[in-house]
Amino acid sequence: MSLSMKPLADRVIIAPAAAEEKTKSGIIIPDTAKEKPQRGEVVAVGAGKVADSGTLIQPQVKVGDQVLYGKYAGTEITIDGTDYLIMKESDIFAVL
């Protein structure tokens, strides 16, 4: 999946995973009770953060990485009818 948009500095664009439709025991979850997903796939990465010394710190994530992030991290955006999150790299907890 490629985007025509490139985030600035240490920001990344993430395609969130779909919310769970039903529980492990088979109970269907209504839309009003679904949890926000906390995992997704990185679809675009900025150039990195500039340190106080002026050197560029390369991002630790790359396009295609599956990541975990905070429940309320990032800003929701819609590009060509698809929902994405744009957030700082520091809001990502782990690469799966």
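Residues numbered from 1 in each chain as written. Predicted model: local features only at pLDDT ≥ 70, side-chain atom pairs only at ≥ 80, totals over all residues. Heavy atoms only, no water.

As recorded in an unreviewed UniProt entry, the protein goes by the name Co-chaperonin GroES, listed as coming from Hymenobacter persicinus. The protein has a UniProt comment under Sequence similarities (unreviewed entry) that states "Belongs to the GroES chaperonin family." What the UniProt record of the protein gives under Subunit (unreviewed entry) is the line "Heptamer of 7 subunits arranged in a ring. Interacts with the chaperonin GroEL." (UniProt positions renumbered as here; feature names shortened; annotations may be inferred.)

Looking now at the pattern of salt bridges. Going through the model one piece at a time under the given rule, you end up with one salt bridge. A salt bridge links Lys-62 to Asp-65; the shortest N-O distance between them is 3.2 Å. (Salt bridge = Lys/Arg side-chain N within 4 Å of Asp/Glu carboxyl O.)

By size, the foremost hydrophobic cluster in this structure holds eleven residues: Val-12, Ile-14, Val-42, Val-45, Val-61, Val-67, Tyr-69, Ala-73, Leu-85, Met-87 and Ile-92. Listed by contribution, the elements that provide at least two residues to this core are β1 (11-16), β2 (39-45), β5 (66-69) and β7 (82-88). Residue contacts for Val-45: discarding those within four places in its chain leaves Lys-6, Pro-7, Arg-11, Val-12, Pro-59, Val-61, Lys-62 and Val-63. By size, the runner-up hydrophobic cluster in this structure holds six residues, among which are Ile-13, Ala-15, Val-43 and Tyr-84. (Core = buried A, V, L, I, M, F, W, Y, C linked by side-chain atoms within 4.5 Å. Buried < 20%, exposed > 50% of the residue type's maximum accessible area, 1.4 Å probe, protein only. Helix = DSSP H or I, 4+ residues; strand = E, 2+ residues; numbered from the N terminus. Contact = heavy atoms within 4.5 Å.)

This part covers the sheet that holds β1. Taken in spatial order, the six strands line up as β6-β7-β1-β2-β5-β8 in an open sheet, and their pairing is antiparallel. Strands with a single pairing partner mark the edges of an open sheet, and in this sheet they are β6 (75-79) and β8 (92-95). Strand-to-strand, the axes of this sheet are offset by a mean angle of 45 degrees, without reference to chain direction. Alignment of β1 against β2, held across five bridges, turns out to be antiparallel. The partner of Val-12 across the bridge, within β2, is Val-45. (Pairing = 2+ DSSP bridges. Axes fitted to C-alpha atoms, helices over the stretch in contact; angles between N-to-C directions.)

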